[in-house]
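If you want the building blocks of each chain, they are given just below.
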Amino acid sequence: MSSPPLPPPVPGESAGRRPFLVLAICCAAIAVVVMDISIVNVALPAIRRDLHASVPDLQWTVDAYTLVLAGFLVLAGSTADRVGRRRVFQAGLAAFGVGSLLCGLAPSVGWLTAARALQAAGGTMLNPVAMAIIANTFTVPAERARAIGVFGSVSGLSLALGPILGGALVDAFGWRSVFWVNVPVVAAAIVAAALFVPESRAARARRFDPVGQILVVVVLGAVVYAIIESRWLGWTSPVILGLLAVAALGVLGVLAYEPRRADPLLELRLFRSVPFSAAIVMAVFALCGFGAFLFVTTQYLQEVRGMSALGAGLCLLPVGLLVVALSPRAGRWVGTRGPRQPLVVSGAALALGGGAQLWVGPATALPAVLAGYLLFGVFLGAVNPPITNTAVSAMPRSMAGVAASLASAGRQTGTTLGVAIAGTVAGTSLTGGATAYTGAVRGVWWMALGLGAGIVALALLSTGRRAQDTAARAAALFAVEETGAAARVRP
């Protein structure tokens, strides 16, 4: 699918400067979206005290954001292709800004959760759409690769700076300031987008799939709600059993309905490729582990060890710096040697990190605690480039965007599940101080260890010759359809 030609430069603006202004605007947008994942975790103890929130309330404060991101990422990308990427990008910025403002004004946890969902609705229109805008603006392959590299580095840097900026804001101005800081950034980005971002659409946009969208949201929402509330209601309660039944029926509905669509929300035939299927599962595993780590660690440092929000943020700085340092190298490693080695390294680091945390308690020496955190930095820095590469490799251009969107949705799903499971397993062990800290938290670290081992196993499985053959067959299937469709529309 060829990209439409770029419009002429804005009068008074040189053609050489304009693409980099577009890149800067897209980077600003992704910075606030990604930063809001980590910045809010540092603010959770302050939110708990001010709004008298329970552990499930804190879980929903994080999961309302990531759940909406996971459920609507694919829809936002296809909508932008249809109605205009700049238009959807600006709408996303506006929704994110209004949601941030309402988060800062929330009088209760319920209002905060609702505002977080509105924030995320805007965020879904920023991540995939910003990537599409960059790809459409930088038409020379080498320049496009560099621009995407910068975009990815800003995402990693935002994750690194989130805990530090959040800690500083919470200590100086209170937890509400971590949301208000987004508003001027978003306002400036909206104006800049109107001035400098060219409008573009796909030559052929995928059609809206309302039934598939509803089924996806129902499945994710039911599973997450069941996990979060199971600690208090019990796994055998009618509510939890009913939610699990609804999720199972939703999965059956997806399997029965989506293959019948010409443009399904979930292109299930992609899963005929073992590397693609493994990439999605590894994305869920990876971010499930990291989401649990971030949720537990920010509360452990503040509630159990008594550190300030800024102190907790500084303790997580090495994690973010390793992500920034290792992600570009992992990308180059994937390009020259393939994804197997970075995936094995990242899975092993996650498993070792989880194993190291099994020995951490309220009185563990801080240098030993921080040394364990470094393993999580190595894990996250090495895992994302090979997952994205594995998801889209060997796919024809027409399916690369869908495959990448599903990988992103897998990451957000993993984060959502990680927070839900971590809060349910740890319970009140993290909110009652050092005296209430119990071995229940170790269940979270055993989960991280198992997820890391799973990534290693999937890395070895998905990079073998037989697995690559399944990817080639799946790609050939879509290539034949793409060629046939082009022949039908040719005069």
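Predicted, not measured: the structure shown is a model, and the values here were computed from it. (Residues numbered from 1 in each chain as written. Predicted model: local features only at pLDDT ≥ 70, side-chain atom pairs only at ≥ 80, totals over all residues. Heavy atoms only, no water.)

## Quick word on the overall build of the protein chain
Counting its regular elements, the protein chain contains 18 helices and 0 strands. Per-residue burial over the protein chain gives 54% buried out of 491 residues. Look at the contacts in the protein chain between residues 6 or more apart in sequence, and 83% of them connect residues 24 or more apart. (Helix = DSSP H or I, 4+ residues; strand = E, 2+ residues; numbered from the N terminus. Buried < 20%, exposed > 50% of the residue type's maximum accessible area, 1.4 Å probe, protein only. Contact = heavy atoms within 4.5 Å.)

## Things to note about helix α17 (residues 442–462)
In this model, α17 (21 residues) spans 30 Å end to end at C-alpha, consistent with the 30 Å of a helix rising 1.5 Å per residue. Of the residues making up α17, those classed as buried are Val444, Trp445, Met447, Ala448, Leu451, Gly452, Gly454, Ile455, Leu458, Ala459 and Ser462. (Expected span 1.5 Å × (residues − 1).)

## Considerations on the confidence of the model for the protein chain
Parts of the model with low pLDDT should not have their predicted coordinates read in detail. In this model, the protein chain carries an average pLDDT of 83, and 90% of its residues clear a pLDDT of 70 or more. Every residue in residues 1–16 is under pLDDT 50, and counting partners more than four places away or in other chains gives 24 contacts. (pLDDT = per-residue confidence, 0-100.)

## What about the packing of helix α1 (residues 18–51) against helix α4 (residues 109–124)?
The N-to-C vectors of α1 and α4 enclose an angle of 175 degrees; their axes lie 13 Å apart at closest approach. When the interaxial angle is binned, α1 and α4 end up roughly antiparallel. Along its contact with α1, which presents Val33, Asp36, Val40, Ile47 and Leu51, the element α4 presents Val109, Leu112, Arg116, Gln119 and Gly123. (Axes fitted to C-alpha atoms, helices over the stretch in contact; angles between N-to-C directions. Parallel < 35°, antiparallel > 145°, perpendicular 65-115°, else oblique.)

## Some thoughts on the pattern of salt bridges
What the rule picks out here adds up to 5 salt bridges. For Asp209, the salt bridge goes to Arg261, with nearest N and O atoms at 3.6 Å. Of this pair, Asp209 sits in the loop between α8 (182–196) and α9 (210–233) while Arg261 sits in the loop between α10 (238–257) and α11 (274–304), and the two are 52 residues apart along the sequence. Residue class for Arg261 comes out partly exposed when judged on its relative accessible area of 22%. Of the charged contacts, one joins Glu267 and Arg269 as a salt bridge, the two residues approaching to 3.0 Å between their closest N and O atoms. (Salt bridge = Lys/Arg side-chain N within 4 Å of Asp/Glu carboxyl O.)

## Section: the nonpolar core
Core analysis: the biggest nonpolar cluster contains 126 residues, and Phe89, Trp175, Phe290, Tyr300, Phe379 and Trp445 have the highest contact counts within it. Per element, the largest residue contribution to this core is 20 residues, and it comes from α1. Setting aside its immediate chain neighbours within four residues, Phe89 contacts Ile25, Cys26, Ala29, Met125, Leu126, Val129, Ala130, Ile133 and Ala193. Ala222, Ala226, Ile240 and Leu243 belong to the second largest nonpolar core, which has 5 residues in total. (Core = buried A, V, L, I, M, F, W, Y, C linked by side-chain atoms within 4.5 Å.)

## Digging into α4
For α4, with 16 residues, the first-to-last C-alpha span of 22 Å sits near the 22 Å given by 1.5 Å per residue. The set of residues buried in α4 consists of Val109, Leu112, Thr113, Ala115, Arg116, Gln119, Ala120, Gly122, Gly123 and Thr124. Looking at the buried residues of α4, the elements they touch are α1, α2 (55–83), α3 (85–105), α5 (127–137), α7 (177–180) and α8.

## Here's the deal with a nonpolar patch on the surface
A contiguous nonpolar surface patch, about 510 Å² in accessible area, is contributed by Val98, Leu101, Leu102, Leu105, Leu118 and Trp180. The greatest single-element share of the nonpolar patch, amounting to 4 residues, is contributed by α3. Position of Val98 among the secondary structure elements: in helix α3. (Patch = residues over 30% accessible without salt bridge, like charges linked within 9 Å, V, L, I, M, F, W, Y side chains within 5 Å. Areas by Shrake-Rupley, 256 points an atom, 1.4 Å probe, with all protein chains shown as cover.)

## Some thoughts on the environment of Met125
Mapping Met125 onto the fold places it in the loop between α4 and α5. On the basis of relative accessible area, Met125 is assigned to the partly exposed category, the value being 22%. Spatially, the C-alpha atoms of Met125 and Thr79 are 8.9 Å apart, while their sequence positions differ by 46 residues. Ignoring anything within four residues of it in the chain, the contact list for Met125 reads Ala76, Val88, Phe89, Ala91 and Gly92.

## Some remarks on the packing of helix α13 (residues 317–337) against helix α14 (residues 340–357)
Their axes nearest at 8 Å, the elements α13 and α14 cross at an angle of 140 degrees. One way to sum up the angle between α13 and α14 is to call them oblique. Each of Ala330, Trp333, Val334 and Arg337 in α13 lies in contact with α14, whose residues at this interface are Gln341, Pro342 and Val345. In the contact of α13 with α14, the residues fall into 5 nonpolar, 1 polar and 1 charged. (Nonpolar A, V, L, I, M, F, W, Y, C, P; charged D, E, K, R; others polar.)

## What about the packing of aromatic side chains?
Taken as a whole and judged by the stated rule, the model has 9 aromatic pairs. Aromatic pair Phe293 and Tyr373: ring centres 5.4 Å apart, planes at 80 degrees, arrangement edge-to-face. A residue pair is termed long-range when its members are at least 10 positions apart, and Phe293 in helix α11 and Tyr373 in helix α15 (residues 366–392) qualify at 80 residues. Both residues of the pair, Phe293 and Tyr373, count as buried. Taking 4.1 Å as the distance between ring centres and 15 degrees as the angle between the ring planes, the aromatic pair formed by Phe293 and Phe376 counts as stacked. Note that Phe293 is positioned in helix α11 and Phe376 in helix α15, a separation of 83 residues in sequence. No difference in accessibility class separates Phe293 from Phe376, as the two residues are buried. (Phe/Tyr/Trp six-rings, centres within 6.5 Å; stacked < 30°, edge-to-face > 60°.)

## Focus: the side chain of Asp63
With respect to the helices and strands, the residue Asp63 is situated in helix α2. Here Asp63 sits buried without a salt bridge, and the closest side chain of opposite charge, Arg116, lies 8.3 Å off (N-O distance). Sequence-distant contacts of Asp63, defined by excluding residues within four places in its chain, comprise Val224, Ile228, Thr415, Thr416, Val419 and Ala420. (Lys, Arg positive; Asp, Glu negative; His and termini not counted.)

## Here's the deal with unusual backbone geometry
Of note, His52 is a non-glycine position whose phi angle comes to about 55 degrees, a positive value. Structurally, His52 is set in the loop between α1 and α2. His52 sits in the exposed class, given a relative accessible area of 70%.

## Regarding the side chain of Thr297
When you line up the elements, Thr297 lands in helix α11. Residues contacting Thr297, with those up to four places away along its chain left out, are Leu316, Tyr373 and Trp445.

## Details of the environment of Ala121
When you line up the elements, Ala121 lands in helix α4. Residue Ala121 is classed as partly exposed on the basis of its relative accessible area, which comes to 26%. In this structure the C-alpha to C-alpha distance between Ala121 and Val68, which are 53 residues apart in sequence, comes to 6.3 Å.

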